[in-house]
2 protein chains.
Amino acid sequence: MDVNTELNTSRVATVMATIRQRIAGRNLTPGAKLPSVRAMAKASGVSTSTVVDAYERLVAEGVILSRPGSGFYVANQAAPFSLSDIGPKLDRAVDPFWVSRQSLEADDGDLKPGCGWLPPSWLPETGIRRALRTLSRADNRAFADYGSPLGLPPLRQHIARRMAERGVEASPDQIMLTESGTQAIDLLCRFLLEPDDVVLVDDPCYFNFQALLRAHRARIVSVPYTPSGPNIELFSQVVAEHRPRLYITNSAIHNPTGATLSPVAAHKVLKIADQFELTIVEDDIFADFEHTPAPRLAAFDGLDRVIHIGSFSKTLSASARCGFIAAKPEWVDALIDLKIATTFGGGRLSSELVYKVLSDGSYRKHVEALRSRLSEAMFNVSAKLKNLGIVPWLEPSAGMFLWCRLPGDVNAADVARAALERKIVLAPGNAFSLSQSAQNFMRFNVSQTLDARVFDVLRDTLRG
Amino acid sequence: MDVNTELNTSRVATVMATIRQRIAGRNLTPGAKLPSVRAMAKASGVSTSTVVDAYERLVAEGVILSRPGSGFYVANQAAPFSLSDIGPKLDRAVDPFWVSRQSLEADDGDLKPGCGWLPPSWLPETGIRRALRTLSRADNRAFADYGSPLGLPPLRQHIARRMAERGVEASPDQIMLTESGTQAIDLLCRFLLEPDDVVLVDDPCYFNFQALLRAHRARIVSVPYTPSGPNIELFSQVVAEHRPRLYITNSAIHNPTGATLSPVAAHKVLKIADQFELTIVEDDIFADFEHTPAPRLAAFDGLDRVIHIGSFSKTLSASARCGFIAAKPEWVDALIDLKIATTFGGGRLSSELVYKVLSDGSYRKHVEALRSRLSEAMFNVSAKLKNLGIVPWLEPSAGMFLWCRLPGDVNAADVARAALERKIVLAPGNAFSLSQSAQNFMRFNVSQTLDARVFDVLRDTLRG
C-alpha cells in the first residue's frame, strides 16, 4: 500500500467513524437522513469520492441504507433492542462494552491491566471475613428479610458523615441506598430523562456511562476533559447549543484520566449549569483513594442541581453490591417509588455486610495502607511504561488509573486485540471516547499491571 | 346523604376511576383529548351531568385540563418523571405502590398480612447461617470480586436442573442471573419494549408488574383471571385489538389469586401468542411452594416465545437478592450487555450465598416443611376469615396467598387505611387490579396472618 492509498484509507475510516459515532450518540437516529456527500466532504475536509467510499462501506455493513435518488439513511435497528447494534460494529475493540465484557469474562489466570477494579487481595479481606462471621450470628432479618426502601439506617448515617468530611452536607433521609453505583446512575436516568434528551459526558469518560445512556436512548454529547476539569469554553458552547438535561461526571479522581477538578473549574461548571438549568450527577466512587479531598460540585452547590452518588465496590468489595444516591429532599420520594418498582427491596445483605466492614475499626487503616500501596504501584508502573515509550497524560495525585499515550501512531485497539490473544485484557482509549479521538491512548490500572508479563506483551505488540 | 345522592357520588367516582385508569395504563397519554361528555356518558351508562361532575373534579385535581370550546385534555406530567403522579392520586390506598411501601416501611412490631413474603423465621435460617460461615472461609474472590456476566456457573447449573424437574429445558448458558426477580422483568422490559408498546397483564395481578410497566411508560391492558388461567375469550379479543408486545404472568401459583393455570388454558394462550407474535414473560417465583408441579408455559413452548424467570426471595432469603432469566440462546448476549450497562458485575455475594444454601442437603427438607406449614396456616386462616364473612375466591392448592371477598359492600381500601392506623398492613384488592374492579377484595398472606390481633382489627374495621 503506497502512502497515498494509506492516507485515503485512513480518511475513509475517519468519515466512517464520524457517522458511526453520530449514530452511537443518537445524534443520527434510525431513519434519519445522512448529510449529503458534498456537505459531508466539505465539513470533513475530504474529497467527495472519500465520502462516497465511506458511505458505501457503511451500506455494506448494514449501518446505513442507500435510497437511490434520495440519499443515505440510518438503518433501522432490528428489534429487540440491542445496545451493541447501536454501537460501532466493525471494530468491537472500541465498543464501550468491550473492556467490561473482557474484564468480567476473563479467566482467573488472565491479567487485566485494563479492568477498573483492584485485585481481591487488595480489599479488606480480613474485615469482610469477620463481618460474614458476625452476620452469621445476627438477627435473622439481617440475612433473610427485605430492607427498608431507603436502606439500612446506620449505613446511611455513616455515608452522611463521610460526605460531610468532604464538605457535602446531606441528612441521612436524603440518602437512598442502591444496589451499586451503576444502578444509582440508572435510577437517576429513569427519574430525570425523557427519551431523546441530551446528556453531556466528559471526553474521555468511564465507558459504562456511554453504555448506560444508550440503554436509556439518550443523545450523548461530550466535552474534552483537561487536567483540571472539562474544557470550560467548550462546555459552555455545548451546553448552550445542545441544552443537555444532565451532565454525568466523576468527582475527586476522574476516570480514566486521573485528573482532579479545580475549584475554579467547579465554580464555572456550576455557573453554566445554573444558567441553563442543567442537572449534574457527580459520581464520587473513588473518594476513598484520595490523599487530600478535592473539591466536590455537591459541596459548592449544596445538593441543589447536583446529585451525589457513590459505592463501595472500589475499596471494600465488588461482590457485595451497594451504592447510594444523595439528592435534594423533594426528589427522594419519587426515587423510592422507582427503586421499588425496578428492584423491590434492595440488597439488604450487601448493605449489612458493607456497614459491618465500614464500622469495623480496621477499615480506616485498610484505606490508608491501600493509598500507600497504590502510590507505590503508580510510581513503579509509570516508570516501566515510560521505558516502553508509553507516556502518562498526567501524573495523577491518587487513584489507580494512568491514562497514557502510546508511542508513535500505534492504534490502541490493535494492541488490545493482540494482547487479548495472549490472555491480557487492556483498555483501549476509544472505549472511553465519544468523539473516538483517543485511539492512541490506553488506560492502565496500576494495581493490575504489576506482573512482568504485561510489559513483555506490551513490548511485543508495540513492536507490531 | 340520601340514596340518590349516594348513587350519583358513586357514579361520579366510577367515571373518575375510569379516566384515571386509562391515564395510569397510558391508554390516554399527556396531552390526549378525553372522550366528549356525551360519548363518555353513553359509554358509561350515566347521565351527561355525572360526566361533567367527574371531569370537573379531575380538573380540580390537576389530572386533566379544560380548554373551553375544545374539550378536556390529559394534563402534562410535571418533570421529573414521577410514577405516583401517573397513578390515581385521590385514593392512595389503591396505588400499586401502597402495599409495597407500607410493607417495606413497617416497623418491626407491625403486622403485615398484606405483604408478599414469609416471616424471616420461616426461611432456612440455619442453612443461611451455615452458608455465611462457609463464605467467611471461602476464596476471597467469592466475597470481594465481581462475578461473571452470566453469573455463578454452579448456580446456573442448579437452576437448569430445577427447571428441568418442572419440564422446562434450558442449558445453563441460556440462564442469566439477575439481582432479583423484579430486576429480571425490568431487564426484559428494557430489552423488548419500545416506549408506548402495549403490555398485557392479568386482572388482578401482582401490583409491582403495574408499577414496573409504568416506569417503562408502557401502555397496560388487562384480562380477567379465572381459577384456571386468563379468561381465554377476552384474552383473544384483547390481544387481537391491542396487539401487546408482552404478556407478563405468574406460572404455577398465581399472585394474588392462588389460581393454577390449566393445561388447556396454557395451550390456548400459547396458540394466541403464536398467532399474534406475543412474547410471554412467565414469572415462576413461587415454584418451590408447589406440592405437585402445575404446567409451565415455558415447558410447552420450549423457551421460544416464553421467557422464564424466577428468584429465591420467597423460600430462601429476601435479603440476599438473586434472580434469573432463562431465554432463547440468541437473546442472551444482548441481555448480558444490558445487565452490564445497568448493574455492571451483578450481585456475586448473594449468588454465592444462595448457591451454598441451595446445595446444602437441608434445603429440600426446609422446603417440604415449609409447604406443610403453609397448608396448615392456609387451613386455619381461611377458617378464621370465613368466620368474619371474608370468603376466599378459591381454595389455592398451594402457596401463601388467599384472595378474598369482603362481606357486603365494604371497600377494601377503607379497611386497609383503618387497619394501618392500628399498625396492620393489609393489601386492598384494587392495588392488584388495572380495571379497579377489585375494591371488594383483599389479599391475605397466611404466614403473616396468624396473630389474633389481625382478626380483632378486621372485625372492628368491618363493623365500621
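Predicted model, so just to flag it, every value in this text is computed and none were measured.

About the criteria used
Residues numbered from 1 in each chain as written. Chains lettered and ligands numbered in written order. Predicted model: local features only at pLDDT ≥ 70, side-chain atom pairs only at ≥ 80, totals over all residues. Heavy atoms only, no water. Helix = DSSP H or I, 4+ residues; strand = E, 2+ residues; numbered from the N terminus. Rg over C-alpha atoms; globule rule 2.2 N^0.38 Å. Contact = heavy atoms within 4.5 Å. Areas by Shrake-Rupley, 256 points an atom, 1.4 Å probe, with all protein chains shown as cover. Lys, Arg positive; Asp, Glu negative; His and termini not counted. Charge placed at Lys NZ, Arg CZ, Asp CG, Glu CD. Salt bridge = Lys/Arg side-chain N within 4 Å of Asp/Glu carboxyl O. Pairing = 2+ DSSP bridges. Axes fitted to C-alpha atoms, helices over the stretch in contact; angles between N-to-C directions. Parallel < 35°, antiparallel > 145°, perpendicular 65-115°, else oblique. Left-handed = near helix turned anticlockwise from the far one by under 90°. Nonpolar A, V, L, I, M, F, W, Y, C, P; charged D, E, K, R; others polar. Buried < 20%, exposed > 50% of the residue type's maximum accessible area, 1.4 Å probe, protein only. Polar contact = N/O pair within 3.5 Å; in protein donor to acceptor, adjacent residues only side chain to side chain. Buried area = accessible area lost by both parts, 1.4 Å probe. Expected span 1.5 Å × (residues − 1). Arc of directions from axis to C-beta. Domains from an automatic or database assignment. Least-squares fit on C-alpha atoms with pLDDT ≥ 70 in both. Core = buried A, V, L, I, M, F, W, Y, C linked by side-chain atoms within 4.5 Å. Phe/Tyr/Trp six-rings, centres within 6.5 Å; stacked < 30°, edge-to-face > 60°. Lys NZ or Arg CZ within 6 Å of the ring centre and 35° of its normal.

1. Observations concerning the overall build of chain A
The number of helices and strands found in chain A is 18 helices and 14 strands. A compact globule built from 464 residues would reach a C-alpha radius of gyration of about 23 Å, and chain A, at 23 Å, matches this within 12%. Along the first, second and third principal axes, the C-alpha set of chain A runs to 70 × 50 × 45 Å. Taking the contacts inside chain A whose residues are at least 6 apart along the sequence as the reference set, 74% of them involve residues at least 24 apart. Summed over all atoms, the accessible surface of chain A reaches about 16900 Å², with 49% contributed by carbon and sulfur. Side chains of chain A give 52 positive and 50 negative charges; the mean places of these two sets differ by 1 Å.

2. Here we look at the pattern of salt bridges
In total, this model carries 56 salt bridges over all chains according to the counting rule given. Where R305 of chain A meets D274 of chain A, a salt bridge forms, and the shortest distance between an N and an O atom there is 2.6 Å. Of this pair, R305 of chain A sits in the loop between α13 (297–301) and β9 (306–311) while D274 of chain A sits in helix α12 (residues 263–276), placing them 31 residues apart in sequence. Put simply, D107 of chain B and K423 of chain B hold a salt bridge, and the shortest N to O gap is 3.4 Å. Residue D107 of chain B is located in the loop between α5 (96–105) and α6 (125–136), and its partner K423 of chain B is located in the loop between α17 (412–421) and β13 (427–428); the two are separated by 316 residues in the primary sequence.

3. Brief notes about the sheet that holds strand β3 (residues 175–178) of chain B
All names here are of chain B. Strand order in this open sheet of eight strands is β3-β10-β9-β8-β7-β4-β5-β6, and the pairing throughout is mixed. Edge positions in the sheet fall to β3 and β6 (229–230), since each of these pairs with one other strand and no more. Across four bridges, the pairing between β3 and strand β10 (residues 323–326) is antiparallel. Across the sheet, the residue bridging to M176 is I325, located in β10. Together, β4 (198–203), β5 (219–226), β6 and β7 (246–250) form the strand contacts of helix α11 (residues 232–242), whose direction differs from that of β5 by roughly 165 degrees.

4. Focus on the packing of helix α6 (residues 125–136) of chain A against α6 of chain B
One way to put it is that α6 of chain A packs onto α6 of chain B with a least axis distance of 8 Å and a crossing angle of 170 degrees. Considered as vectors, α6 of chain A and α6 of chain B are oriented roughly antiparallel to each other. Handedness of the crossing formed by α6 of chain A with α6 of chain B: left-handed. The segment α6 of chain A lies against α6 of chain B, with R129, L132, R133, L135 and S136 of chain A engaging R129, L132, R133, L135 and S136 of chain B. For the contact of α6 of chain A with α6 of chain B, a count of residues per class yields four nonpolar, two polar and four charged.

5. Examining the side chain of D202 of chain A
Residues and elements named next belong to chain A. Along the polypeptide, D202 turns up in strand β4 (residues 198–203). Despite its burial, D202 remains without a salt bridge, the nearest opposite charge being carried by R443 at 12 Å. Of note is the side chain of D202, whose polar atom sits 2.6 Å from the side chain of T249. Non-local contacts of D202, meaning those with residues more than four positions away in its chain, are made with S222, V223, Y225, P230, Y247, I248, T249, N250 and H254.

6. Structural notes on the interface of chain B and chain A
Taken residue by residue, the interface counts 79 residues in chain B and 79 residues in chain A. Both sides of the chain B and chain A interface together cover about 6600 Å² of buried area, and 56% of this is carbon and sulfur. For the pair chain B and chain A, the number of links is 10 salt bridges. One can count 35 residue pairs in polar contact (both at pLDDT 80 or more) joining chain B with chain A.

7. Here we look at the sheet that holds strand β12 (residues 401–405) of chain A
Residues and elements named next belong to chain A. Reading across from one edge, β11-β12-β14-β13 is the order of the four strands in this open sheet, with antiparallel pairing throughout. Two strands in the sheet have a free side with no partner beyond their single neighbour: β11 (391–392) and β13 (427–428). With two bridges connecting them, β11 and β12 associate as antiparallel partners. Its bridge partner being in β12, V391 is matched across the sheet by R405.

8. Concerning unusual backbone geometry
The omega torsion of the bond from N255 of chain A to P256 of chain A falls at 10 degrees, within 30 degrees of zero and hence cis. Among the structural elements, P256 of chain A can be located in the loop between β7 (246–250) and α12. With a phi angle near 45 degrees, R243 of chain B is a residue other than glycine that sits in the positive phi range. Along the chain, the position of R243 of chain B falls in the loop between α11 and β7. Taking relative accessible area as the criterion, R243 of chain B reaches 54% and is therefore assigned exposed.

9. Let's talk about helix α3 (residues 48–60) of chain A
Residues and elements named next belong to chain A. With 13 residues, α3 ought to run about 18 Å at 1.5 Å a step, and its terminal C-alpha atoms sit 18 Å apart, in line with that. Turning to α3, its buried residues number three or more, namely T50, V51, A54, Y55 and L58. Here the buried residues of α3 occupy an arc of 130 degrees about the axis, which is enough to place them on one side. Every exposed residue of α3 that faces more than 90 degrees away from the buried side is listed here: S49, E56 and A60. A positive phi of about 80 degrees marks G62, the residue just after α3.

10. Regarding the domain arrangement of chain A
When the parts of a complex come together, some accessible area is lost, and that lost area is often used as the size of the interface. Residues and elements named next belong to chain A. Domain parsing of chain A yields domain 1 (3–77), domain 2 (92–116 + 364–463) and domain 3 (139–358). Look at where the C-alpha atoms of domain 1 and domain 3 centre, and you get two points 36 Å apart. Contacts between the two partners involve four residues from domain 1 and, on the opposite side, seven residues from domain 3. Carbon and sulfur atoms make up 41% of the area that domain 1 and domain 3 hide from each other, which totals about 490 Å².

11. Description of the relation of the copies chain B and chain A
Between the two copies, chain B and chain A, the superposition gives an RMSD of 0.1 Å; the rotation angle is 180 degrees and the shift along the axis is 0.0 Å. What the rotation and shift describe, once combined, is the action of a two-fold rotation axis. The residues that chain B uses at the interface reappear at the interface of chain A in 100% of cases, marking a shared surface.

12. Some words on α12 of chain A
Residues and elements named next belong to chain A. Relative to the 20 Å expected for 14 residues at 1.5 Å per residue, α12 spans 20 Å between its end C-alpha atoms, a close match to the ideal helical length. Among the residues of α12, those classed as buried are A265, A266, V269, L270, I272, A273 and F276. The arc enclosing the buried residues of α12, seen along the axis, measures out at 160 degrees, which places them on a common side. Exposed side of α12, more than 90 degrees from the buried face: V264, K271 and Q275 are the residues found there. Against the buried residues of α12 lie β6 (229–230), α11 (232–242), β7, β8 (279–283), α13 and β9.

13. Focus: the environment of M163 of chain B
Residue and element names in this part refer to chain B. Take M163: it is sitting in helix α8 (residues 153–165). Among the residues examined, M163 registers a relative accessible area of 4% and is labelled buried. Separated by 147 residues in sequence, M163 and G310 have C-alpha atoms that sit 10.0 Å apart. Those residues in contact with M163, other than ones at most four positions away along the chain, are V168, A170, I175, H308, F324 and A326.

14. Some thoughts on the nonpolar core
Ranked by internal contacts, the top residues of the largest apolar core, which has 290 residues, are I325 and L458 of chain A together with I325 and L458 of chain B. Counting 19 residues, the second-largest nonpolar core is a separate cluster that includes V15, A41, Y55 and F72 of chain B.

15. Overview of the packing of aromatic side chains
Residue and element names in this part refer to chain A. Applying the stated criterion across every chain, the model contains 28 aromatic pairs over all chains. Residues Y55 and F72 carry aromatic rings whose centres are separated by 4.9 Å and whose planes lie at 70 degrees to one another, so their mutual orientation is edge-to-face. Of the two residues, Y55 sits in helix α3 while F72 sits in strand β2 (residues 71–74), which places them 17 residues apart along the sequence. For Y55, a relative accessible area of 0% gives the class buried. Here the aromatic cluster, defined as three or more aromatic residues joined through ring pairs, consists of Y206, F207, F209, W403, F432 and F441. Above the ring of W122, the side-chain terminus of R373 is found at 4.0 Å from the ring centroid.

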